Amino acid sequence: MIVYARPVRFEEVDAAGILFFGRTMNFCHEAMENFFGALAGGYVDLIMNRKIGFPAVHVEADWVAPLRYGDEARIAVSVSKIGTTSCTFRYAITRAQDGANVATVNHVTVSTDLRTMTKVPLPPDVRTLLEAHASS
């Protein structure tokens, strides 16, 4: 598991004063980029040089508590499933101030050649990283 933390910014809250639900996906994507930072060159190298992307093909989310402006979100990233060309990331989001469970997001991605937009087997270094953070 890798943990990524970031504050909730003013422009991310809605009229009710809580994190707009769509922004949760941004938080998860930032956490995924951080997750791939363990690879040589990180996420940027995967996208820009290796031309390997991980587009979403399915996302499920459950929210149980709000995040508000100024809160710090902690996003724990683990991997719940690894296939030949796909993987499922699990994001457990908590509020740093009190440890409250905020949301759980399951995010299925497919390893994709960005030049042809076709699925490809997970690269060996990516598979190794995913396996290192696989949840049981």
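Here, the structure is the one placed above.
Remember, predicted model here, so these are calculated numbers, not experimental data.

Caption draft 1: Representation of the side chain of aspartate 113 in the model. Considering the arrangement of structural elements, one finds aspartate 113 in strand β7 (residues 112–113). We classify aspartate 113 as buried; its relative accessible area is 14%. A distance of 2.8 Å separates a polar atom in the side chain of aspartate 113 from the backbone nitrogen of arginine 115. In this structure, aspartate 113 is in contact with Lys51, Thr118 and Val120, ignoring residues within four places of it in sequence.

Caption draft 2: Fine view of helix α3 (residues 124–132). Along α3, the residues classified as buried are Val126, Leu129 and Leu130. The buried side chains of α3 occupy one side of the element, clustering within an arc of 100° when seen end-on. Away from its buried face by more than 90 degrees, α3 exposes Pro124, Thr128 and Ala132. Among the structural elements, α1 (21–35), α2 (42–48), β4 (72–82) and β5 (86–95) are those in contact with the buried residues of α3.

Caption draft 3: Here's a closer look at a nonpolar patch on the surface. Nonpolar side chains collect at one region of the surface, where Phe20, Phe21, Met25, Val59 and Trp63 lie side by side and expose about 470 Å² of accessible area between them. If you list the elements that add at least two residues to the nonpolar patch, you get α1 and β3 (56–63). Looking at the secondary structure, you find tryptophan 63 in strand β3.

Caption draft 4: Here's a closer look at the sheet that holds β7. The strand order β2-β7-β8 describes an open sheet built from 3 strands, whose pairing is antiparallel. Bordering the open sheet on either side are β2 (52–53) and β8 (118–119), each of which pairs with just one other strand. Bridge count between β7 and β8: 2 bridges; the pairing is antiparallel. Within β8, the residue paired with aspartate 113 across the bridge is threonine 118.

Here is what the cut-offs are and how they apply
Residues numbered from 1 in each chain as written. Predicted model: local features only at pLDDT ≥ 70, side-chain atom pairs only at ≥ 80, totals over all residues. Heavy atoms only, no water. Helix = DSSP H or I, 4+ residues; strand = E, 2+ residues; numbered from the N terminus. Buried < 20%, exposed > 50% of the residue type's maximum accessible area, 1.4 Å probe, protein only. Polar contact = N/O pair within 3.5 Å; in protein donor to acceptor, adjacent residues only side chain to side chain. Contact = heavy atoms within 4.5 Å. Arc of directions from axis to C-beta. Patch = residues over 30% accessible without salt bridge, like charges linked within 9 Å, V, L, I, M, F, W, Y side chains within 5 Å. Areas by Shrake-Rupley, 256 points an atom, 1.4 Å probe, with all protein chains shown as cover. Salt bridge = Lys/Arg side-chain N within 4 Å of Asp/Glu carboxyl O. Pairing = 2+ DSSP bridges.

Read these as layout, nothing more, since geometry by itself doesn't imply function.
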